[in-house]
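Okay, here's what each chain looks like letter by letter:
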Amino acid sequence: MRHGVARFVTGFLALPVALYLFYVVWPFAQAAGYSLTNWGGYSDKQEFVGLDNYVRLFSDELIRKAFWHNVFFLVTVPLFTIALALFLAFLLNVGGREDRAGIRGVFGSGLYKVIFFFPQVLSLVVIAVMWQQIYRSDNQGLINGLLMKIGLVDADNPIGFTADPEPFLGVPAVLWWLLFIAVWSGAGFYMVLFSAAMQSIPKDIYEAALLDGASRFHTFFRITLPLLRDTISVAWVYLGFIALDMYALVFVMTPSQGGPNHASEIFASVLNFTAFQKGQFGYACAMGVALAIFTILLAALQLRITRRERIEY
Amino acid sequence: MSVTPEHPADLSRRTLLRRAAAAGLLVTPAAGLLSACAGSEPSKSDDTGAAKSKDNPFGVKDGSAVKVVIFNGGLGDQWANEDKAVFAAKHAGVTVNMSSTQKIKTEEQPKMATQPSDLVMNSGADMMDISTLVNEGAIEPLDDLLTAPAWDSEGTVADTLLPGTVEDGTFQGKFYVVNVAFTVWGNWYNGALFAKEGWQPPTTFDEFFALAPKIKAKGIAPYVHDAVHGYYPRWALMATIWKSAGRQAVVDIDNLKENAWKADGVLPALQAWEKLVKDRLLLPGNLNHTQSQQAWLDGKAAFIQVGTWLKNEMAATIPPGFEMKLSDYWGLGATDKAPKDVFAGAGEGLVVPSKAPNKAAAKEFLRAVLSKSGSAKFAELTKSLASTKGSGDGVQDTALASANELMRNAPKDLIKTKLFDFYADLDKESQNLSEELMAGRLTAQQFVDKMQAAADKVAKDSSIKKQTRA
């Protein structure tokens, strides 16, 4: 009998596992292999160079710059997205008045849910193209045009948005403008995620707290937040992945794809330039492998730090 | 070097999905980046030929198929369909599978080492780096095409080409790239507006600076530029450097000679542009190429600098009564070493991958592209000159006529820079610095210093294969 079950399970798993091995694992292995060569990408000639490419990574100034830009996103994207998503989810679920039916969200929360979630159904490139028009830096841009009409922005000095490398709080302005889009487009999804988690928290806990005279501030920080710990932790890891990517926004929205003058360079844009413009696929693969290792370590660390005992309710 | 642009934003849904997958939005970013590098094992190509003759110099086999990929940018792709008809007249038995795209590198690079298309038009913002293709031996030398008989005129193919076409396609002594369009660059203006106002198009920066206040008084910005793609302003900067410092100075720059960027005449050329920016003669806003071109067409700015594909690219939105005219780039004045030289050259390069399965048919197709009938259709459809002599003879058009006029008075030397085709690092750096100079965040002196430093770094880097020009 046991034998039959094993065969049955294997039969179902064989195909997906084979596909996964061939299309996911094998390319990874190949890339790791190429990272030890000086392959140019356009021919079948390559020499083994050992760890040279990895040694080179550490002295590459552009990579260092890109790394810190990725770190900026790694800190800010999860922080702002989760904060905003939590705030919205709280308002939509338990932020409203209390009545005989118990605790509820603010008036019209169903509608808001749809509106906030909407960016999630758009592709990231569609979002980028749309924001290009919003950020356009003459009077035909949505923001610039509006501000010029009401006289807040001088037509001779429009806001540069993604073409502006001037530092704000030590970080090029272009990165802040990109961050804004990333948070805007990401918050809706996590709002829904947190909403679902909040709805599974029994209402009587809140009611008990209210009876004890807890303010909304206290219910949020003492009840909601601790009970959402697991969900937030997962969200943090996902958003970390997104922050390490950011490729589509940088590619579509910044001048010279990573500009102006390297001000929005990220790992992926340097990798793209190295592989496809400079024709150094071996080195580019080394960047990819390094980023992969970094990502995995980060995810492992993240999950370990936030691991705690689960609360059953 | 001569690149017709396209929007980075114009990603088709399919490419963007592929890109999204490649960039790893679905799994982890690193995972996608990893698989983006991976290729597969190369396969052997077989090039079995038929008998060779005057009408079939490469021995194209009847019944074979040839895959042609056309860049669908500023020039469109209709002209290539006309060439298909020209080709079919002699080789009805050969199937031409033609496709067009804006994403040349995205779609063709992964196939280069294994199963490439037979003929690829390598152009646009997403083009494959040409020096890498040559260094890697990924494309085929086409010297036998030059010595083959011309399609529908006397002599060889080389005899029918405009000057500069062979030189522009030659790398390391071999002819690799067939550039089909002959492009002239310069400052464009609206002939009708200038006639109405009684303005003369300037020939030097001084004349421009004198005219600028009059233009401003009419509520028009004197100049508008593409602030998104660094290679646009770079054309203008390099043209001014050439006119001011002379041919040899640019050749030295291209050959990475010591202190080449510090030569006499280079700094003043860049200072003229610095003054243009500092005097606030630019239309404010960071527009891309089509946005800036449209602003110019809408009468918001008097001058814009770009190549002769402009007319075709903007054909749909040219206002009635607008008279597109091309004038030469401005020099600095009496001190100029090469004031009359014109920035022109053959661009829009077609290449034959070394591993292409039907190279004979690819070369034969190129012969058809360069034919008299094919190139005449090209000029008619694109309002750009083809690299074949006499292509524009039968076309009536103010833009094309003013470009012809400019070429007629041009000395034999054409303004040409090779540095950015030679070295991808310097290509990137110069684009960035050009943008910064035009944004007013960089002085001419800083531009020169930074370019010199970048050039020295490449010169010292033994891992980069050096190229030279004469």
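A quick note: this is a predicted structure, and the numbers were derived from the prediction, not measured.

Conventions and cut-offs
Residues numbered from 1 in each chain as written. Chains lettered and ligands numbered in written order. Predicted model: local features only at pLDDT ≥ 70, side-chain atom pairs only at ≥ 80, totals over all residues. Helix = DSSP H or I, 4+ residues; strand = E, 2+ residues; numbered from the N terminus. Buried ≥ 20, exposed ≤ 12 C-beta atoms within 10 Å, placed from the backbone. Contact = placed C-beta atoms within 7 Å. UniProt positions renumbered as here; feature names shortened; annotations may be inferred. Core = buried A, V, L, I, M, F, W, Y, C linked by C-beta atoms within 7 Å. Pairing = 2+ DSSP bridges. Nonpolar A, V, L, I, M, F, W, Y, C, P; charged D, E, K, R; others polar. Domains from an automatic or database assignment. Axes fitted to C-alpha atoms, helices over the stretch in contact; angles between N-to-C directions. Parallel < 35°, antiparallel > 145°, perpendicular 65-115°, else oblique. pLDDT = per-residue confidence, 0-100.

### A word on the overall build of chain B
Scanning chain B for helices and strands turns up 20 helices and 12 strands. Evaluated residue by residue, chain B yields a buried proportion of 56% over its 470 residues. Sequence-distant contacts in chain B: of pairs separated by 6 or more residues, those separated by 24 or more amount to 76%.

### Observations concerning the overall build of chain A
For chain A, the count of helices and strands is 13 helices and 4 strands. For chain A, the spread of C-alpha atoms along the three principal axes comes to 80 × 75 × 30 Å. A buried classification covers 41% of the 313 residues belonging to chain A. Within chain A, contacts between residues separated by at least 24 positions form 66% of all contacts whose residues are at least 6 apart in sequence.

### Focus on the UniProt feature "transmembrane region" (unreviewed entry) in chain A
Residue and element names in this part refer to chain A. In the UniProt entry, the feature "transmembrane region" (unreviewed entry) is given for residues 12–29, 71–94, 114–134, 174–193, 232–253 and 281–301. Here residues 12–29 is 100% helix and 0% strand, with 25 Å between the C-alpha atoms at its ends. Overall, residues 174–193 shows 100% helix and 0% strand. The separation of its end C-alpha atoms is 29 Å.

### Here we look at the nonpolar core
Most often, soluble globular proteins keep nonpolar side chains buried together rather than apart. Within the largest apolar cluster, 215 residues are counted, with the highest numbers of intra-cluster contacts made by Leu178(A), Leu249(A), Phe267(A), Met287(A), Leu270(B), Ala301(B) and Phe365(B). In this view, Phe365(B) contacts Val66(B), Val68(B), Phe87(B), Val96(B) and Leu119(B); residues no more than four positions away in its chain are not counted.

### Topic: the pairing of strand S8 (residues 301–307) of chain B
All names here are of chain B. Here S8 lies mainly inside the structure; 7 of its 7 residues are buried. Of the strand pairs in this sheet, strand S6 (residues 178–190) and S8 are connected by 4 bridges, and their pairing is antiparallel. Each bridged residue has a counterpart across the sheet, and for Gly186 the counterpart in S8 is Val306.

### Some thoughts on the interface of chain A and chain B
Many descriptions give the size of an interface as the accessible area lost when the pieces come together. Tallying the contact residues gives 53 residues for chain A and 44 residues for chain B. Those elements that place two or more of their residues in the side of chain A that touches chain B are helix H1 (2–34), helix H5 (124–135), helix H10 (229–245), helix H11 (247–253), helix H12 (267–277) and helix H13 (281–305) of chain A. Examining the composition of the side of chain A that touches chain B, we find that 8 residues originate from one element, H13(A), more than from any other. Here the residues of the side of chain A that touches chain B are counted per class, giving 30 nonpolar, 18 polar and 5 charged.

### What about the domain arrangement of chain B?
All names here are of chain B. Splitting chain B by domain gives domain 1 (47–183 + 345–411) and domain 2 (185–342 + 417–460). In this assembly, 20 residues from domain 1 lie in contact with 21 residues from domain 2. The leading source of residues in the side of domain 1 that touches domain 2 is helix H17 (residues 398–408), at 6 residues. In the side of domain 1 that touches domain 2, the residues fall into 10 nonpolar, 8 polar and 2 charged.

### Digging into helix H16 (residues 372–382) of chain B
Given 3.6 residues to a turn, an α-helix orients residues that are three or four positions apart in the same direction. Among the residues of H16(B), those classed as buried are Gly374(B), Ser375(B), Lys377(B), Phe378(B), Ala379(B) and Thr382(B). Of the residues trailing H16(B), Lys383(B) is marked for its positive phi of about 55°.

### Re the pairing of strand S3 (residues 119–122) of chain B
Residue and element names in this part refer to chain B. Residues of S3 alternate between two faces, with Leu119 and Met121 on one and Val120 and Asn122 on the opposite face, all of them buried. Of the strand pairs in this sheet, strand S1 (residues 65–71) and S3 are connected by 2 bridges, and their pairing is parallel. Bridged to Val69 within S3 is Val120. The sheet contact formed by S3 and strand S10 (residues 342–351) spans 3 bridges and is antiparallel. Counterpart to Val120 in the pairing with S10 is Val351.

### Description of the packing of helix H19 (residues 424–438) of chain B against helix H20 (residues 444–460) of chain B
All names here are of chain B. Closest axis-to-axis distance for the H19/H20 pair is 10 Å, and the angle between their directions is 175°. By the angle between their directions, the pair H19 and H20 is classed as roughly antiparallel. From H19, Asp425, Leu426, Glu429, Ser430, Leu433 and Leu437 reach across to H20, where they touch Phe447, Lys450, Met451, Ala454, Ala455 and Val458. Its residues assigned to classes, the contact of H19 with H20 shows 8 nonpolar, 1 polar and 3 charged.

### Thoughts on unusual backbone geometry
Excluding glycine, most residues fall at negative phi; most peptide bonds, likewise, are trans. In the segment running from Gly259(A) into Pro260(A), the intervening peptide bond is cis, with an omega of -5°. Here Met246(A), not a glycine, exhibits a phi torsion of approximately 60°, which is positive. Looking at the secondary structure, you find Met246(A) in the loop between H10 and H11. For Asn259(B), which is not glycine, the phi torsion reads 55° and is therefore positive. With respect to the helices, strands and loops of the structure, Asn259(B) is situated in the loop between helix H11 (247–254) and helix H12 (266–278). Judged by C-beta crowding, with 10 C-beta atoms within 10 Å, Asn259(B) ranks as exposed.

### Concerning the packing of helix H10 (residues 231–245) of chain B against H19(B)
What describes two packed helices is the angle between their axes and the distance between those same axes. Residue and element names in this part refer to chain B. At a minimum axis distance of 8 Å, the contact between H10 and H19 shows a crossing angle of 80°. Taken together, the axes of H10 and H19 lie roughly perpendicular to each other. Between H10 and H19, the residues in contact are Tyr231, Pro233, Arg234 and Leu237 and Ser430, Gln431, Ser434, Glu435 and Met438, respectively. The residue makeup of the contact of H10 with H19, split by class, is 4 nonpolar, 3 polar and 2 charged.

### Some points on the environment of Ile305(A)
Note on placement: Ile305(A) falls in helix H13. Among the residues examined, Ile305(A) registers 10 C-beta atoms within 10 Å and is labelled exposed.

### A word on the environment of Asn432(B)
Residue and element names in this part refer to chain B. Residue placement: Asn432 occurs in helix H19. Its 22 C-beta neighbours within 10 Å are what place Asn432 among the buried residues. In the structure, Asn432 is positioned 201 residues away from Tyr231 in sequence and 8.7 Å away in space, judged by C-alpha atoms.

### Side note on the confidence of the model for chain B
All names here are of chain B. The pLDDT averaged across chain B works out to 86; a share of 89% of its residues lies at or above 70. Taken as a whole, residues 1–47 scores under 50 in pLDDT and shows 120 contacts with residues more than four places along the chain or in a different chain. Scoring the predicted complex yields pTM 0.78 and, for the interface, ipTM 0.82.

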